[in-house]
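Listed below are the residues making up each chain.
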Amino acid sequence: MPTTTLETLARLMAQTTGCPICHYGRATGHVFLENLLYESVNDFGIRQQLTQRLGFCALHSREMLQLPGARLGAAILEQAMLKEALRRLEDLVPARRSLLGHRRALGSSPPSQQNCLVCEHERQNEIRAIEDLVGHWDDAWAEALENAGGLCYNHLHQAIRLSPNKTIVAQLKTSHQRLWQTTIARLDAFIRKHDYRFRDEPIQAEEAQAIHRAIAILTGEDA
Ligand SMILES: [Zn+2]
Ligand SMILES: [Zn+2]
């Protein structure tokens, strides 16, 4: 029987630390990347989409190289992308100067890093997983999520926006206030113990880990 999104989320909450939506998104992205790579070499439609986007983002391009037996497919794909980049180079011209200067003509991220197919797939799955989670919310989910360490900032933001009622919003807020205040207190202890007056106090493992938790909360889990 195929596993449902909720079953996967429950497993991720029990087995991993930090935002289960991030973990879920990355896992679905990994499978998608794997399938895409094996199909892309022969599928004209996928090849065309990839060419349009100049391949994957930096993260997923490197992840592709970790897939077993993917080097040949990756080499064929990257060669095609590099040929496309070479073709585009022909048409590149300086931006038109305006009164505001031409820095504005440049986007906020470099052209080859936009619109990664795998990133897009992850974002769509994350939204669906959040909808599923808040749609089936109860005290057991609240407890499991808090024990896992809660959602990252971005996914909490989306969960609150997608919550069907005020009770869920209140529960999500209280739980994350508790979690984040704990991380702040641990960082406080970590910072304080760097002062020479308190240097005899040993730094606890969770205090040393707090910086990683803070970064994961603010930027998402990295794996
Ligand atoms: Zn997240
Ligand atoms: Zn990507």
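That block above? That's the structure.
Each value, and the rule that gives it
Residues numbered from 1 in each chain as written. Chains lettered and ligands numbered in written order. Predicted model: local features only at pLDDT ≥ 70, side-chain atom pairs only at ≥ 80, totals over all residues. Heavy atoms only, no water. Salt bridge = Lys/Arg side-chain N within 4 Å of Asp/Glu carboxyl O. Donors = N, O, S within 2.8 Å, 3.2 Å for Na, K, Ca; no water. Tetrahedral: all angles 85-135°; square planar, octahedral: opposite > 155°, others 65-115°. Helix = DSSP H or I, 4+ residues; strand = E, 2+ residues; numbered from the N terminus. Buried < 20%, exposed > 50% of the residue type's maximum accessible area, 1.4 Å probe, protein only. Axes fitted to C-alpha atoms, helices over the stretch in contact; angles between N-to-C directions. Parallel < 35°, antiparallel > 145°, perpendicular 65-115°, else oblique. Contact = heavy atoms within 4.5 Å. Nonpolar A, V, L, I, M, F, W, Y, C, P; charged D, E, K, R; others polar. 1 Å grid on protein atoms, 1.4 Å probe; cavity = no way out; pocket = protein on both sides within 12 Å on 5 of 7 lines; lining within 4 Å. Points joined across faces, edges and corners; volume = space filled by probe spheres on them. Patch = residues over 30% accessible without salt bridge, like charges linked within 9 Å, V, L, I, M, F, W, Y side chains within 5 Å. Areas by Shrake-Rupley, 256 points an atom, 1.4 Å probe, with all protein chains shown as cover. Left-handed = near helix turned anticlockwise from the far one by under 90°. Core = buried A, V, L, I, M, F, W, Y, C linked by side-chain atoms within 4.5 Å. Arc of directions from axis to C-beta.

Q: Please explain the pattern of salt bridges as it appears in this structure.
A: Think of it this way: side chains of opposite charge can pair up when their charged atoms draw near. If you walk through the whole model with that rule in mind, you get 12 salt bridges. Taken together, the shared-partner salt bridges connect R26, E63, E122, R123 and E126 into one network.

Q: Explain the coordination of the zinc ion (ligand 2) here, please?
A: Ideal geometry at a metal centre: 109.5 degrees between donors when four sit tetrahedrally, and 90 or 180 degrees when six sit octahedrally. Protein-derived coordination of the zinc ion (ligand 2) comes from C57 (SG), H60 (ND1), C116 (SG) and C119 (SG), at a distance range of 2.0 to 2.4 Å. Taken together, the 4 donor atoms coordinating the zinc ion (ligand 2) span angles of 100 to 114° at the metal, a pattern that classifies the geometry as tetrahedral. Every donor residue of the zinc ion (ligand 2) comes from the same chain, spaced as C-x2-H-x55-C-x2-C. Of this pair, C57 sits in the loop between α3 (44–52) and α4 (58–66) while C119 sits in helix α6 (residues 117–135), and the two are 62 residues apart along the sequence.

Q: Looking at this model, I keep getting lost on the coordination of the zinc ion (ligand 1). Mind explaining?
A: In the first shell of the zinc ion (ligand 1), the protein supplies C19 (SG), C22 (SG), C152 (SG) and H155 (ND1), at 2.0 to 2.3 Å from the metal. If you look at the zinc ion (ligand 1), its 4 donor atoms make angles of 97 to 117° with each other, and the shape they trace is tetrahedral. Read N to C, the donor residues that coordinate the zinc ion (ligand 1) are spaced as C-x2-C-x129-C-x2-H. With respect to burial, C152 and H155 carry one shared label: buried.

Q: I keep staring at the packing of helix α1 (residues 5–15) against helix α7 (residues 139–148) and nothing clicks. Help me out?
A: Pairs of packed helices are described in terms of their axes, by the angle between the two and the distance that separates them. Contact geometry for α1 and α7: axes closest at 9 Å, N-to-C directions at 45°. By the criterion of interaxial angle, the relationship of α1 to α7 is oblique. For the pair α1 and α7, contact is made by L6, L9, A10 and M13 and by W141, A144, L145 and A148, respectively. Residues that form the contact of α1 with α7 fall into these classes: 8 nonpolar, no polar and no charged.

Q: Which parts of the structure should I look at to understand the layout of surface pockets?
A: Left-over empty space is what a probe sized like a water molecule reveals as it rolls over the atoms. The computed volume of the largest pocket comes to approximately 330 Å³. Around the largest pocket sit 16 residues that line it, and T17, G149, T183, R186 and R213 are the ones nearest its centre. Among the elements that take part in the lining of the largest pocket, helix α10 (residues 205–219) stands out by supplying 7 residues, more than any other. Among the residues making up the lining of the largest pocket, the classes are represented as 5 nonpolar, 7 polar and 4 charged.

Q: I tried to follow a nonpolar patch on the surface on my own but got confused; where do I start?
A: Where nonpolar side chains cluster on the molecular surface, the patch consists of L86, L89 and L92 and spans about 350 Å² of accessible area. Positionally, L92 belongs in the loop between α5 (71–91) and α6.

Q: Mind showing me how you'd approach the packing of α3 against α5 here?
A: Running from amino to carboxyl end, α3 crosses α5 at an angle of 50°, the nearest separation of the two axes being 9 Å. Of the possible angle classes, the one that applies to α3 and α5 is oblique. You can see that α3 and α5 cross each other, and the crossing is right-handed. The residues of α5 that touch α3, namely those facing R47, L50, T51 and Q52, are I76, L77, A80, M81, E84 and R88. Classifying every residue of the contact of α3 with α5 by side-chain character gives 5 nonpolar, 2 polar and 3 charged.

Q: Just checking my understanding: could you explain the nonpolar core for this structure?
A: Within soluble globular proteins, side chains that are nonpolar tend to cluster in buried spots. Counting 23 residues, the largest nonpolar core has L9, M13, I21, W137, W141, L151 and L172 as the members making the most contacts within it. Those elements giving two or more residues to this core turn out to be α1, α2 (20–40), α6, α7, α8 (153–162) and α9 (166–192). Beyond its immediate sequence surroundings of up to four residues, W137 is in contact with A142, L145, I168, Q171 and L172. Residues L33, L37, I46 and A74 belong to the second largest nonpolar core, which totals 17 residues.

Q: Help me out: how do you make sense of α1 in this one?
A: Burial in α1 covers these residues: L6, T8, L9, L12 and M13. Axial view of α1: buried residues confined to an arc of 160°, hence all on one face. Projecting away from the buried face of α1 at angles above 90 degrees are the exposed residues A14 and Q15. Looking at the buried residues of α1, the elements they touch are α2, α6 and α7.

Q: What exactly am I supposed to notice about unusual backbone geometry here?
A: Residues apart from glycine generally show negative phi values, whereas peptide bonds are mostly found in trans. One non-glycine residue, L54, adopts positive backbone phi at about 55°. One can find L54 in the loop between α3 and α4. Note on L54: relative accessible area 22%, which makes it partly exposed.

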